[in-house]
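Secondary and tertiary structure notes
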Amino acid sequence: MTTRPPDALATATPPADGQPPEQAGLKAGLKNRHLSMIAIGGVIGAGLFVGSASGIAAAGPGILLSYALVAALVVLVMRMLGEMAAANPTSGSFSAYADRALGRWAGFSIGWLYWFFWVVVLAVEATAGAVILEGWVPAVPQWAWALIVMVVLTATNLVSVGSFGEFEFWFAGIKVVAIAGFIVLGGLAIFGVLPGSDNAATGFGNLTEHGGFLPNGPGAILTGILLVVFSFMGSEIVTLAAAESPDARRQVAKATRSVIWRVGVFYVGSILVVVSLLPWNDPAIEKKGSYVAALDSIGIPHAGEIMNFIVLTAVLSCLNSGLYTASRMAFSLGQRGDAPRSFVRTNAGGVPQPAILASVAFGFVAVGFNYLWPDTVFQFLLNSSGAVALFVWLVIAFSQLRMRGIILREDPEKLIVRMWLFPYLTWATIAMISFVLVYMLTDDKEGGGRSQVLLSLLVAALVIAVSLVRERTRPKSTEDVAAPK
């Protein structure tokens, strides 16, 4: 197996001034404020709002440790990715780095798996948004709302990268303001200084007074990790988007350095407010959802409607980002000869129109599967993409192990972001991710961790097999002959 020679990714290498490359027609249309908000809000998915209740029920207040451990894992992975992306901003991000560091098979495989993950997410989020919208306007059927949402966001992505950035700026802004407001109001209520609050000031007593901090035992922390880990997926999007900004290297470095407070405040901070305001076993948490129950407990009127609006915003944000991310990964694969060359073509707005349309087409097909065969075909799609997030993180870690040496050898001045305690923390991160994957195999309930890992491994094996066959049958080029053994 060979790795790429130094010039194999030349189209993705920025000039020395940190400006983004000319990538076959992509335009640097994302402003700094777009990148800043994508970096802040990109890690906040709908899963935080709708999925935290099950984690609290499983682990009690100990869910805070589950969130903290996953947050630490995300920080480490983003630091590794930030090191590579700041040195070489590219729309292919970790797929392009895996191509260079581990071999063409790795870049091909993780790129297509990541594309597959996001086009399945498109179907999930379109359906979730349609459910909320149908509740508001029942005269329009759910399938029509899903269609409308997909068409509108496809149109915004097709116009220009700037229109994507503008929509994402406002979507992410609403999420950020909502969570910040929730933390402030909840914090005041916890200490009894929120005027008109219906919740008696308890301080942090609810963390220990209802069966202890770990009412279901220490093992529940690991169960909680399985329930919350996938709500963190999306933090890496900023490294793809940065390639279409006028100051890519600085934006990547900035996003990487701010990831600690982002996941700490928005995830751990908001969950701390929930389990401090309410006993972990309060039936309202599972019945209404953790954030709605917390808002109800302090007397915020129309809490359910407010949260539905925020969740819808998070869903639309995820859809918008998912379509952007899938199309840019398809573009990068096409650029490297690992996808149809048509994916590299851009329209007058500088966006890869064929890559966007191909991604949304699969998304539409997946939406159809969700309506026609939700418990069979669509469930298979969900499970077979379920562990891809962890595969991506593993590939990032293994790539960084080799890319550090490549960067130091070729362009040491580009190493402006460094992974802490290299290589020890990198190996520790690999061990943590591997442990989570192995622990998922113990979750044997229907649609649980075991089926997700096994089916995701099956799909990954098929994709890797295709990549190896393609590499063996590919005519030898000058590039391949020049590659170091």
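Fair warning: this is a prediction, and the values are worked out from it, not measured in the lab.

From N to C terminus, the protein includes 19 helices and 0 strands. Computed over the C-alpha atoms, the radius of gyration of the protein is 22 Å, within 12% of the 23 Å expected from 2.2 N^0.38 for a compact globule of 485 residues. Across its three principal axes, the protein shows a C-alpha extent of roughly 70 × 55 × 45 Å. Looking at the protein as a whole, 58% of its 485 residues are labelled buried. For the protein, restricting intrachain contacts to residue pairs at least 6 apart in sequence, the fraction spanning at least 24 positions comes to 82%.

Its 18 residues give helix 6 (residues 142-159) an end-to-end C-alpha distance of 26 Å, which sits within 8% of 26 Å, the value for a rise of 1.5 Å per residue. At its buried positions, helix 6 is contacted by helix 5 (104-136), helix 7 (161-190), helix 13 (303-335) and helix 14 (353-372).

This paragraph deals with empty space enclosed by the protein. All told, the structure shown has 1 cavity of 30 Å³ or more when counted by the stated rule. For the largest cavity, the calculated volume is near 40 Å³. In terms of lining, the largest cavity is formed by Leu122, Met150, Leu153, Thr154, Leu319, Asn320, Leu323 and Val360. Elements with a minimum of two residues in the lining of the largest cavity: helix 6 and helix 13.

This next bit is on the packing of helix 5 against helix 6. The contact between helix 5 and helix 6 brings their axes to 8 Å, and the two run at 120°. With respect to their mutual orientation, helix 5 and helix 6 come out oblique. Crossing handedness for the pair helix 5 and helix 6: right-handed. Seen from helix 5, the contacting residues are Leu122, Ala126, Thr127, Ala130, Val131, Leu133 and Glu134; seen from helix 6, they are Gln142, Trp145, Ala146, Val149 and Met150. Each residue belonging to the contact of helix 5 with helix 6 can be placed in one class, and the counts come to 9 nonpolar, 2 polar and 1 charged.

Within the sequence span of helix 8 (residues 219-228), burial applies to Ala220, Ile221, Gly224, Ile225, Leu226 and Val228. Summarising the contacts, the buried residues of helix 8 are in contact with helix 2 (46-59), helix 3 (63-87) and helix 17 (424-440).

Right, let's talk about the environment of glycine 173 for a bit. Mapping glycine 173 onto the fold places it in helix 7. In this structure glycine 173 touches Met37 and Glu168, once residues within four positions along its chain are discounted.

At a closest axis distance of 6 Å, the pairing of helix 4 (residues 93-101) and helix 5 adopts a crossing angle of 160°. The pairing of helix 4 with helix 5 is recorded here as roughly antiparallel in orientation. The two elements helix 4 and helix 5 meet at a crossing, and its hand is right-handed. Residues Phe94, Ser95, Ala98 and Asp99 of helix 4 lie in contact with helix 5, whose contacting residues are Arg104, Ala106, Gly107, Ile110, Gly111 and Tyr114. Taken together, the residues of the contact of helix 4 with helix 5 sort by class into 5 nonpolar, 3 polar and 2 charged.

This brings us to the packing of aromatic side chains. With the rule as written, the count across this model stands at 18 aromatic pairs. With centroids separated by 5.9 Å and ring planes inclined at 70°, the aromatic side chains of phenylalanine 167 and phenylalanine 171 adopt a geometry described as edge-to-face. Residue phenylalanine 167 and its partner phenylalanine 171 are both found in helix 7; the two are separated by 4 residues, about one turn of the helix. Taken together, a centroid distance of 5.5 Å and an interplanar angle of 80° make the contact between phenylalanine 191 and phenylalanine 204 edge-to-face. With phenylalanine 191 in the loop between helix 7 and helix 8 and phenylalanine 204 in the loop between helix 7 and helix 8, the pair connects residues that are 13 residues apart, well separated along the chain. The structure contains a cluster of three or more aromatic residues connected by ring pairs, namely Phe94, Tyr114, Phe117 and Trp118. Across from the ring centre of phenylalanine 169, 4.7 Å away, lies the NZ or CZ of arginine 33, which sits over that ring. Note that arginine 404 overlies the ring of phenylalanine 422, its terminal NZ or CZ placed 4.3 Å from the centroid.

What follows deals with a nonpolar patch on the surface. A cluster of nonpolar side chains, Trp143, Leu147, Val151, Tyr371, Leu372, Trp373 and Val377, forms an exposed patch at the surface whose accessible area comes to about 680 Å². If you list the elements that add at least two residues to the nonpolar patch, you get helix 6 and helix 14. Among the elements that line the nonpolar patch, the one with the most residues is helix 6, at 3 residues. Within the secondary structure, tryptophan 373 is located in the loop between helix 14 and helix 15 (377-385). On the basis of relative accessible area, tryptophan 373 is assigned to the partly exposed category, the value being 42%.

The subject of this paragraph is the environment of valine 466. In this fold, valine 466 is placed in helix 18 (residues 449-473). Sequence separation of valine 466 and glycine 219 is 247 residues, and the distance between their C-alpha atoms is 39 Å.

Now for the pattern of salt bridges. According to the stated counting rule, one finds 9 salt bridges in the structure shown. Among the salt bridges present, the one from arginine 404 reaches glutamate 83, with a minimum N-O distance of 2.8 Å. Taken together, the residues span a long stretch of sequence, with arginine 404 in helix 16 (residues 388-410) and glutamate 83 in helix 3 at a distance of 321 residues. Across this residue pair, the class does not change: arginine 404 and glutamate 83 are buried.

Our next topic: the side chain of threonine 154. Take threonine 154: it is sitting in helix 6. Of the polar contacts made by the side chain of threonine 154, one reaches the backbone oxygen of methionine 150; its length is 2.6 Å.

We now examine the environment of leucine 437. As for its placement among the helices and strands, leucine 437 is situated in helix 17. According to the relative accessible area criterion, leucine 437 is buried, its value standing at 11%. Leucine 437 sits 371 residues away from serine 66 along the chain, and the two C-alpha atoms are 15 Å apart. In this structure leucine 437 touches Ala387, Leu390, Phe391, Leu394 and Val453, once residues within four positions along its chain are discounted.

Definitions and limits used
- Counting of residues starts from 1 at the beginning of each chain's written sequence and follows it residue by residue.
- In keeping with the predicted nature of the model, local features appear solely for residues at pLDDT of at least 70, side-chain atom pairs appear and are counted solely at 80 or more, and the whole-chain, interface and lining totals rest on all residues.
- Note that water and hydrogens are dropped before the side-chain values are worked out from all heavy atoms of the structure.
- Note on conventions: DSSP H or I runs of at least 4 residues are helices, E runs of at least 2 residues are strands, and numbering of each starts at the N terminus.
- Between the two quantities, the radius of gyration covers C-alpha atoms and the globule rule is 2.2 Å times the number of residues to the power 0.38.
- Accessible area is worked out with a 1.4 Å probe on protein chains only. A residue is then buried under 20% of its type maximum, exposed over 50%, and partly exposed in between.
- Contacts between residues were defined by any pair of non-hydrogen atoms, one from each residue, lying within 4.5 Å.
- Helix span, as expected, comes to 1.5 Å for every residue beyond the first.
- Both cavities and pockets are sets of points on a 1 Å grid over the protein atoms alone; in a cavity a 1.4 Å probe fits but cannot get out, in a pocket the set is open with protein on both sides within 12 Å along at least five of seven lines, and lining residues sit with an atom within 4 Å of a point.
- Grid points are joined across faces, edges and corners, and a volume is the space filled by probe spheres set on the points.
- Axis definition: a line fitted to C-alpha atoms, over the contacting stretch in the case of helices. Angles run 0 to 180 degrees between N-to-C directions.
- In what follows, roughly perpendicular refers to angles from 65 to 115 degrees, roughly parallel to angles under 35, roughly antiparallel to angles over 145, and oblique to any angle outside these ranges.
- Crossings are classed by handedness, with left-handed meaning an anticlockwise turn of the near helix from the far one by less than a right angle and right-handed meaning a clockwise turn.
- Under the scheme applied here, ten amino acids are nonpolar (Ala, Val, Leu, Ile, Met, Phe, Trp, Tyr, Cys and Pro), four are charged (Asp, Glu, Lys and Arg), and all others, including Gly, are polar.
- Any Phe, Tyr or Trp ring, taking Trp's six-membered ring, that has another such ring centre within 6.5 Å forms a pair; planes under 30 degrees apart are called stacked, those over 60 apart edge-to-face, and the others tilted.
- A ring is considered to have a charge above it if a Lys NZ or an Arg CZ atom is located within 6 Å of its centre and within 35 degrees of its normal.
- A patch consists of residues exposed above 30% relative accessible area that lack any salt bridge, with like charges linked at up to 9 Å and nonpolar side chains (Val, Leu, Ile, Met, Phe, Trp, Tyr) linked at up to 5 Å.
- Reported accessibility uses the Shrake-Rupley method at a 1.4 Å probe radius. Residues are deemed covered only where the shown protein chains occlude them.
- The rule for a salt bridge is simple: a side-chain nitrogen of Lys or Arg has to be within 4 Å of a carboxyl oxygen of Asp or Glu.
- In the analysis that follows, any N or O atom pair within 3.5 Å is treated as a polar contact, provided that within protein one partner can donate a hydrogen and the other can accept it, and provided that, for residues neighboring in sequence, both atoms belong to side chains.

Everything listed here is a matter of geometry and, on its own, says nothing about what the molecule does.
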